[in-house]
Amino acid sequence: MNFRMIFNNIGKILLIEAALLFFPLLVSLIYKETNQYAFLITIGALLCVGVLLCLIRPKTKQIYAREGFILVGLSWIVMSLFGSLPFVISQEIPSFVDALFETISGFTTTGASILTNVEGLSKSMLFWRSFTHWIGGMGVLVFILAILPNSEGQNIYILRAESTGPQVGKLVSKVRFTARILYLIYLGFTLLEVIFLLFGGNSFYESLVTSLATAGTGGFGIYNDSIASFNSYSQIVIGVFMLIFGINFNIFYLILIGRIAQAFKSEELRWYIGIIVFSVVTIAINLTLSMEYAFHIALKDSFFQVSSIITTTGFATADFNLWPNLSKCILLILMFVGACAGSTGGGMKVSRFVILFKSLKREIKKLVHPNSVSNITFEGSTVDENVVKGVNGYFGIMMCIIFASLIVLSFDKLDFETNFTAIVACVNNIGPGFSLVGPMGNYSCFNDFSKIILSALMLIGRLEIYPILLLFMPKVWFNK
């Protein structure tokens, strides 16, 4: 295990987090708030620890799969611990557990909140809260790869450990250039959403902070009613951009280089769009027939909530807690499905569900024709059996984690619907669930132990299990 390289990289990450904290500090100065000291103290602490870790010089800069997973897992935990300090120091979120929950929810782009009065926070803290979404959306270490050269390192292992989906490759020959391309696309779409929201009559602050949360598919709002107070134009803009950020960024790269036909041949993209269209239409019809919605209102609300849930953003324009059971059931299924691999969205990913579906179909076929041999194809090529096993294993482990967490949370004595959907919403990085944690509720109803469990689930879901799981395996740390 290359401990020196791991600590050295964590030091660099902390220095970058210190630099990123200057943005909310600037917001605090612009609005003449009195909480600058909270950001300055945190920046000072980050600089001290970061510099000390950077002084640890590695003998070799090579990073392999094991180091990549450990580095990613530790980095997200350390960044979250330091990132929660401004909330605690300013006393805007006095409880450290609550502040840590809010920060992990931000970096993992979950959007689950313990706040009962969002508008009670200062503008700078609301900015930092949503900015953590943007930082975590594409990945903390992907950002490091984009700006810091590391020619000796096996950086593909970092990219694979932090990126979402069943498999990760490089867009171009060098990982650092791949990271830069991803971030340029990410930044471009974020700025584009800001412009569209400005045309909707929103202030620059509203447009920027909302776009940061949308881009990271996080869902932290700046108002108590989430997005409900925004006008219809703005809600549609946000809904469309949520769907955009839920698409595999490789597709945008193909479009940029002129390979448009290849981009739109993506099987995952077709499934993604098909699931969205089916869900929007079904929920709109269900709302119209069961709750006597005007169809155009039902269509708008269903479009926004389907966009929000499948991309795991978590914004809300309506209290879907009150919707009919069919609509709620569809939303619950979408919580598991999630967005596309290689996007900023969470969930188990559309590609995994497609491969899982085809794997089950093949097994059923074998029951009828035991001697038949068939391969699973996806995106126009044969899927390696190791990938199929990986998808099945991921699904199995995720179910075990959900059921184990459900038993632990049951000691909190809340209702089953609250506990179950809170677990599903946290591990799939969605934010709102049903009942007490619905779109008009929050997570303050849980005790501190349950909040720690849910925080761990958010990290497990965002990093897709293994970087966090491996941190608790002694053989990973001590075997050469």
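Residues numbered from 1 in each chain as written. Predicted model: local features only at pLDDT ≥ 70, side-chain atom pairs only at ≥ 80, totals over all residues. Heavy atoms only, no water.

Participant: Go over the overall build of the protein chain with me, naming the residues and quoting the values.
Facilitator: In terms of regular secondary structure, the protein chain is built from 23 helices and two strands. Partitioning the intrachain contacts of the protein chain with sequence separation of at least 6 by distance along the chain shows that 72% fall at a separation of at least 24. (Helix = DSSP H or I, 4+ residues; strand = E, 2+ residues; numbered from the N terminus. Contact = heavy atoms within 4.5 Å.)

Participant: Break down the confidence of the model for the protein chain for me, citing the residues and quoting the values.
Facilitator: Confidence along the protein chain averages 88 in pLDDT terms, with 90% of residues attaining 70 or more. Within the model, pLDDT remains below 50 along residues 151-159, and this stretch shows 30 contacts once partners closer than five positions in the same chain are excluded. A low-confidence stretch, residues 165-173 stays under pLDDT 50, and its non-local contacts, those more than four residues away or across chains, total 25 contacts. (pLDDT = per-residue confidence, 0-100.)

Participant: Go over the packing of helix H11 (residues 204-215) against helix H12 (residues 232-245) with me, naming the residues and quoting the values.
Facilitator: For any two helices packed against each other, the geometry is given by the interaxial angle and the distance between the axes. Here H11 crosses H12 at 35°, and the two axes come no closer than 9 Å. For the pair H11 and H12, contact is made by Thr210, Thr214 and Ala215 and by Ile238, Phe241, Met242 and Phe245, respectively. In terms of residue class, the contact of H11 with H12 is made up of five nonpolar, two polar and no charged. (Axes fitted to C-alpha atoms, helices over the stretch in contact; angles between N-to-C directions. Nonpolar A, V, L, I, M, F, W, Y, C, P; charged D, E, K, R; others polar.)

Participant: Provide a residue-level description of the side chain of Thr190, including the pertinent values.
Facilitator: Residue position: Thr190 is located in helix H10 (residues 175-199). For Thr190, the residues in contact, after removing those within four places along its chain, are Trp134, Ser211, Leu212, Ala215 and Phe245.

Participant: Kindly report on the packing of aromatic side chains, identifying the contributing residues and their values.
Facilitator: To describe a pair of aromatic rings, one takes the distance between the centres and the angle between the planes. Evaluated as defined, the whole model comprises 24 aromatic pairs. Arranged with centres 5.5 Å apart and planes meeting at 80°, the rings of Phe249 and Phe252 form a pair that is edge-to-face. Here Phe252 and Phe249 lie together in helix H13 (residues 249-256), a separation of three residues that amounts to about one turn. Comparing Phe249 with Phe252 shows no difference in burial state: the two are buried. Ring centres 5.7 Å apart and planes at 85° place the aromatic pair Phe320 and Phe434 in the edge-to-face group. Here Phe434 lies in the loop between helix H20 (416-427) and helix H21 (448-462) and Phe320 lies in the loop between helix H16 (295-310) and helix H17 (325-337), a separation of 114 residues in the sequence. By the burial criterion, Phe320 is buried, and Phe434 matches it. Cation over ring: Lys123 sits above Tyr205, and NZ or CZ is 4.6 Å from the ring centre. When the ring centre of Tyr394 is taken as reference, the NZ or CZ atom of Arg352 above it lies at 3.8 Å. (Phe/Tyr/Trp six-rings, centres within 6.5 Å; stacked < 30°, edge-to-face > 60°. Buried < 20%, exposed > 50% of the residue type's maximum accessible area, 1.4 Å probe, protein only. Lys NZ or Arg CZ within 6 Å of the ring centre and 35° of its normal.)

Participant: Give me the nonpolar core: which residues, what numbers.
Facilitator: Within soluble globular proteins, side chains that are nonpolar tend to cluster in buried spots. Tyr272, Leu331, Tyr443 and Leu454 are the most contacted members of the largest nonpolar core, which has 136 residues in total. With 10 residues, helix H19 (residues 385-409) is the single largest residue contributor to this core. If we skip the residues at most four places from it in the chain, Leu454 touches Phe101, Leu409, Ala422, Ile423, Cys426, Tyr443 and Phe446. (Core = buried A, V, L, I, M, F, W, Y, C linked by side-chain atoms within 4.5 Å.)

Participant: How would you summarise the pattern of salt bridges if you had to cite specific residues and measurements?
Facilitator: Tallied over the entire structure, the rule returns eight salt bridges. For Glu267, the salt bridge goes to Lys358, with nearest N and O atoms at 2.6 Å. In this pair, Glu267 sits in helix H15 (residues 267-291) while Lys358 sits in helix H18 (residues 350-368), placing the two residues 91 residues apart along the sequence. Between Glu464 and Lys349 there is a salt bridge, and its shortest N-O distance comes to 3.4 Å. Separated by 115 residues along the polypeptide, Glu464 in the loop between H21 and helix H22 (466-469) and Lys349 in the loop between H17 and H18 bring together distant segments of the chain. Each of the salt bridges in this network shares a partner with another, and the network as a whole consists of Lys349, Arg352 and Glu464. (Salt bridge = Lys/Arg side-chain N within 4 Å of Asp/Glu carboxyl O.)

Participant: With reference to specific residues and values, describe the environment of Ile285.
Facilitator: Summarising the element assignment, Ile285 is placed in helix H15. For Ile285, a relative accessible area of 39% corresponds to the partly exposed category. Each C-alpha atom of the pair Ile285 and Ser327 lies 9.5 Å from the other, and the pair is 42 residues apart in sequence.

Participant: So what about the packing of helix H6 (residues 96-107) against helix H7 (residues 123-138)? Which residues, and what values?
Facilitator: Where H6 contacts H7, the two axes come as close as 6 Å, and the packing angle between them is 40°. In terms of their interaxial angle, H6 and H7 are classed as oblique. From H6, Glu102, Ser105, Gly106 and Phe107 reach across to H7, where they touch Trp128, Arg129, Thr132, His133, Ile135 and Gly136. Residue composition of the contact of H6 with H7, by class: three nonpolar, five polar and two charged. (Parallel < 35°, antiparallel > 145°, perpendicular 65-115°, else oblique.)

Participant: Just give me the short version of unusual backbone geometry, but keep the residues and values in it.
Facilitator: The phi torsion at Ser435 lies on the positive side, around 60°, for a residue other than glycine. Note that Ser435 resides in the loop between H20 and H21. In this structure, Glu464 takes a positive phi of about 55° despite not being glycine. Residue classification places Glu464 among the buried positions, given a relative accessible area of 5%.

Participant: Can you explain a nonpolar patch on the surface? Please cite residues and give values.
Facilitator: A surface patch of nonpolar side chains, about 620 Å² in accessible area, is lined by Ile273, Val277, Val281, Ile285, Leu289, Phe295 and Leu299. Counting residues per element, the ones that place at least two in the nonpolar patch are H15 and H16. Broken down by element, the residue count for the nonpolar patch peaks at five residues, all from H15. Along the chain, Leu289 falls in helix H15. The class for Leu289 is exposed, based on a relative accessible area of 68%. (Patch = residues over 30% accessible without salt bridge, like charges linked within 9 Å, V, L, I, M, F, W, Y side chains within 5 Å. Areas by Shrake-Rupley, 256 points an atom, 1.4 Å probe, with all protein chains shown as cover.)

Participant: Kindly report on the side chain of Asn419, identifying the contributing residues and their values.
Facilitator: Assignment of secondary structure puts Asn419 in helix H20. Separated by 3.4 Å, the side chain of Asn419 and the backbone oxygen of Leu414 make a polar contact. When residues no more than four places from it in sequence are discounted, the contact partners of Asn419 are Leu406, Leu409, Ser410, Leu414 and Phe446. (Polar contact = N/O pair within 3.5 Å; in protein donor to acceptor, adjacent residues only side chain to side chain.)

Participant: If you had to explain helix H3 (residues 36-54) to someone new, which residues and values would you point to?
Facilitator: Within an α-helix, residues lying three or four positions from one another point in the same direction, as the helix has 3.6 residues per turn. Taking 1.5 Å as the rise per residue, H3 with 19 residues should run 27 Å; its terminal C-alpha atoms sit 26 Å apart, in good agreement. Among the residues of H3, those classed as buried are Gln36, Ala38, Phe39, Thr42, Ile43, Leu46, Gly50, Leu53 and Cys54. Taken end-on, H3 shows its buried residues confined to a sector of 150°, consistent with a single buried face. Away from the buried face of H3 by more than 90 degrees, exposed residues Cys48 and Leu52 are located. (Expected span 1.5 Å × (residues − 1). Arc of directions from axis to C-beta.)

Participant: Describe the environment of Pro432, and please don't skip the residues or the numbers.
Facilitator: In this fold, Pro432 is placed in the loop between H20 and H21. Taking the C-alpha atoms as reference points, Pro432 and Met335, 97 residues apart in sequence, are found 10.0 Å from one another. The contacts of Pro432, once residues within four sequence positions are left out, are Gly314, Phe320, Met335, Ala425, Val437, Gly438 and Pro439.

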